Amino acid sequence: EPEISNSINLDIERWRTNRYHGRINFFYNEIQNLIDYASQGYDEIGQQIWRTENIFKARTKGFDIDFTYFFTPKIELAIGYSYLDTWDVDNESPINLKAKHKGNSKLRLQLPWDIKFNIRAQYVGERYYGEESVTDGGFEENWIDEYILLHTNIKLPIYKNITLHAGINNITDVYDELWGPMPGREWYVGIN
C-alpha cells in the first residue's frame, strides 16, 4: 500500500556568502502504511532475504544539522549530524534498521591545475532489529553495530571540457553479510 503521512517541519538556514552555510531542520511525521523491509529468512549462503511490507502506523521525529565552512574558495569543510527517533505504534517498538544517530563530513580541495579532490566520512550508529523467533514464537531484539565508511574521489581535467575521475567508496572495506546489503570496497574510474 502507498504511504500517507502528516508532517511538520521547521527549517532554519543561515548563509554568509563565501564564508559559511548552516542549516537545522526539525521534523515530526505520522505515517500510515510506512513502506519498510522485513526479513524472509536466509538464502543458501547465509545472507538474509528481505521484502518490502507496510507498517500500519508509525511516527518519526528528529532533527538534522548541516554546516559548511569555506576556508578559501578552494578549501571547504562540511559536517552534519542527524537524530532520528522512530516508533512502530502497533508493535510498540522502534522501527527496524533505522539508526538514531548518523553523522557525515566532507573535505573538498581544489588543487593546482584545477584538480579537485574530496574525502568523505559517514557514521551510522547502532540500529534496532526485532522479529518473531522462529524457534519458540517469542520476540527477539537485536542491536546492530555502528560503523564508519570513508570515501574519496579525484577529478582531473585532461582536455578542454573532458575530465577523468576516479575514486574509492568504502576505503576501509566495511562489510556486513548478515545485515547488509553493503558491497564492501568499490573502485571506480570514468571520463566525463
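The structure contained in this document is the topic of the report that follows. (Residues numbered from 1 in each chain as written. Predicted model: local features only at pLDDT ≥ 70, side-chain atom pairs only at ≥ 80, totals over all residues. Heavy atoms only, no water.)

Points about the sheet that holds strand β2 (residues 20–42)
- In spatial order, the strands read β1-β2-β3-β4-β5-β6-β9-β10-β11; together these 9 strands make up an open sheet with antiparallel pairing. In this open sheet, the two edge strands, each paired with only one partner strand, are β1 (4–16) and β11 (186–191). Going across the sheet, the axis of each strand differs from the next one's by a mean of 20°, ignoring polarity.
- Of the strand pairs in this sheet, strand β3 (residues 48–72) and strand β4 (residues 75–88) are connected by 14 bridges, and their pairing is antiparallel. Bridge pairing links D64 to S82 in β4. (Pairing = 2+ DSSP bridges. Helix = DSSP H or I, 4+ residues; strand = E, 2+ residues; numbered from the N terminus. Axes fitted to C-alpha atoms, helices over the stretch in contact; angles between N-to-C directions.)

Description of the pairing of β1
- Relative to β2, β1 runs antiparallel, the two sharing 13 bridges. Bridge pairing links S7 to N29 in β2.
- In textbook terms, the turn of a hairpin is the stretch between consecutive antiparallel strands, and for β1 and β2 this stretch comprises 3 residues, one of which, N18, has a positive phi near 60°.

As for the pattern of salt bridges
- Counted according to the given criterion, the structure contains 7 salt bridges.
- Linking D66 and R23 is a salt bridge whose minimum nitrogen-to-oxygen distance equals 2.5 Å. Taken together, the positions of D66 in strand β3 and R23 in strand β2 put the pair 43 residues apart, joining distant regions of the chain.
- Among the ionic pairs, R51 bridges to E53, the shortest N-O distance being 3.4 Å.
- Residue classification places R51 among the partly exposed positions, given a relative accessible area of 39%. (Salt bridge = Lys/Arg side-chain N within 4 Å of Asp/Glu carboxyl O. Buried < 20%, exposed > 50% of the residue type's maximum accessible area, 1.4 Å probe, protein only.)

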